[in-house]
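Examination of the molecular architecture
So you can see what is in the structure, the chains are spelled out below.
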Amino acid sequence: MSDGSATSATSATSATIDAQRARTRRAIVEAALSLVCERGMPGVTMSALAERAGVSRPTLYKYFPDVPHVLAAWVGEEIDRFEAQLLEELAHAEGAAARVERYVRAQLGEFASHPQRFGLSHVDAGVPDEVMGAIHERAEVLRGHLEHAIADGVACGEFRAGVDPVLHSELVNALLGALRPAVAQRRRDVDEIADGVLALVFDGLRGPRGPDAGDAAG
């Protein structure tokens with residue numbers, strides 16, 4: 001066998017192994033998700049997880065040291081997936097206000113699209129601090145996109161000068177998180193909720209308008 005053929009065969013074998021590892025990892029993560037949804041996090045053990053994923057316990061421990069790390073991996077993957085979609089949305093937005101609007105609608109649309117999915121609030125209890133720290137650090141990247149949009153709006157005059165981008169982005173995310181149950185349970189139309197959120201957000205970012213705006217601002 002020539003060196004070129006040997007290299008190709010080695011590459012093919014490596015790709016096959018990588019694909020198998022990815023499938024196994026995905027099976028473990030999905031098994032953890034289903035078990036948590038069924039039993040709650042306290043009811044999930046590594047033994048149950050191995051059985052549900054169809055792997056041996058030694059194999060399971062080669063991928064993850066414990067259940068919290070599996071859930072952290074799942075949350076990280078969900079954040080990565082959503083961020084890719086969000087960046088695509090933001091790339092087509094013209095102006096800071098449009099970016100803020102797309103961020104809000106994308107978040108609410110995500111809640112509506114995956115009503116049974118759990119988020120940070122579901123994995124918080126019982127998860128080691130270092131794991132939660134990594135999860136929250138990754139989630140902050142998402143909020144950063146909103147913060148930058150608000151900061152750009154202030155810089156170019158779309159939003160009022162007194163706006164604190166960090167504070168306002170935190171407030172918007174807190175509001176969206178509070179609305180997640182209503183969106184997931186379809187108690188109201190998603191677009192209706194988004195319109196209400198955006199009305200509040202833009203009132204805060206732009207300030208009062210009309211004949212009395214000057215007095216109110218002072």
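As the structure is a prediction and not an experimental result, all values here were calculated from the model. (Residues numbered from 1 in each chain as written. Predicted model: local features only at pLDDT ≥ 70, side-chain atom pairs only at ≥ 80, totals over all residues. Heavy atoms only, no water.)

A few words now on the overall build of the chain. Within the chain, the regular secondary structure consists of 10 helices and zero strands. Listing each helix as α and each strand as β along the chain from the N terminus yields α-α-α-α-α-α-α-α-α-α. A buried classification covers 37% of the 218 residues belonging to the chain. When contacts within the chain are restricted to residue pairs at least 6 apart in sequence, long-range pairs at least 24 apart make up 67% of them. Counting every atom, the chain has about 12,100 Å² of accessible surface; 53% of that belongs to carbon and sulfur. (Helix = DSSP H or I, 4+ residues; strand = E, 2+ residues; numbered from the N terminus. Buried < 20%, exposed > 50% of the residue type's maximum accessible area, 1.4 Å probe, protein only. Contact = heavy atoms within 4.5 Å. Areas by Shrake-Rupley, 256 points an atom, 1.4 Å probe, with all protein chains shown as cover.)

All right, on to the side chain of R143 then. Along the polypeptide, R143 turns up in helix α7 (residues 129-156). Given the relative accessible area of 11%, R143 is considered buried. At a separation of 2.5 Å, a polar atom in the side chain of R143 contacts the side chain of S169. (Polar contact = N/O pair within 3.5 Å; in protein donor to acceptor, adjacent residues only side chain to side chain.)

Two elements in contact, helix α4 (residues 67-91) and helix α5 (residues 96-113), have axes whose closest approach is 10 Å; the angle formed by their N-to-C orientations is 145°. Like other packed secondary-structure pairs, α4 and α5 cross with a definite hand, here right-handed. Across from E78, R81, F82, Q85, L86, E89 and L90 in α4, the residues of α5 making contact are R99, R102, Y103, A106, Q107 and E110. For the contact of α4 with α5, the class distribution of residues is five nonpolar, two polar and six charged. (Axes fitted to C-alpha atoms, helices over the stretch in contact; angles between N-to-C directions. Left-handed = near helix turned anticlockwise from the far one by under 90°. Nonpolar A, V, L, I, M, F, W, Y, C, P; charged D, E, K, R; others polar.)

Of all the residues in helix α2 (residues 46-53), the buried ones are M46, A48, L49, A50 and A53. A positive backbone phi angle near 75° is found at G54, which sits one or two residues after α2.

So, on to helix α9 (residues 190-206). Taking 1.5 Å of rise per residue, 17 residues should cover 24 Å, and α9 covers 24 Å from first to last C-alpha, within 8% of that figure. Within α9, the full set of buried residues consists of V190, I193, A194, V197, L198, V201, F202 and L205. Buried residues along α9 cover an arc of 155° about the axis, so they all sit on one side. Exposed and oriented more than 90 degrees from the buried face of α9 are L200 and D203. Two residues or fewer past α9, G207 is found with a positive phi of approximately 85°. (Expected span 1.5 Å × (residues − 1). Arc of directions from axis to C-beta.)

Attention shifts here to the packing of aromatic side chains. Under the criterion given, the structure shown has one aromatic pair. Between the NZ or CZ atom of R206 and the centre of the ring of F202, over which it lies, the distance is 4.3 Å. (Phe/Tyr/Trp six-rings, centres within 6.5 Å; stacked < 30°, edge-to-face > 60°. Lys NZ or Arg CZ within 6 Å of the ring centre and 35° of its normal.)

Following the criterion strictly, the structure yields 14 salt bridges and no others. Close ionic contact of E110 with R81 constitutes a salt bridge, the shortest N to O distance being 2.4 Å. Highlighted residues: E110 in helix α5 and R81 in helix α4, separated in sequence by 29 residues. When salt bridges with common partners are traced through the structure, they connect R25, R26, E30 and E77 into a single cluster. (Salt bridge = Lys/Arg side-chain N within 4 Å of Asp/Glu carboxyl O.)

Let us now look at the confidence of the model for the chain. Taken residue by residue, the chain gives an average pLDDT of 83. The fraction at 70 or more is 83%. Residue range residues 213-218 is modelled with pLDDT below 50. Its contacts to residues more than four positions away, or to other chains, number two contacts. (pLDDT = per-residue confidence, 0-100.)

Attention now goes to the side chain of T24. Along the polypeptide, T24 turns up in helix α1 (residues 3-39). When neighbours within four sequence positions are excluded, T24 is seen to be in contact with V55, T59 and Y63.

Right, let's get into the packing of helix α8 (residues 165-184) against α9. Angle between the axes and distance between the axes are the two parameters that describe a pair of packed helices. Contact pair α8 / α9: the axes reach a minimum separation of 11 Å and the direction vectors enclose 160°. In terms of orientation, α8 and α9 fall into the roughly antiparallel class. The handedness of the crossing between α8 and α9 comes out as right-handed. Taking contact as the criterion, the partners of H168, V172, L175, L176, L179 and V183 in α8 are, on α9, V190, I193, V197, L200, V201, G204 and L205. Looking at side-chain class alone, the contact of α8 with α9 contains 11 nonpolar, two polar and no charged residues. (Parallel < 35°, antiparallel > 145°, perpendicular 65-115°, else oblique.)

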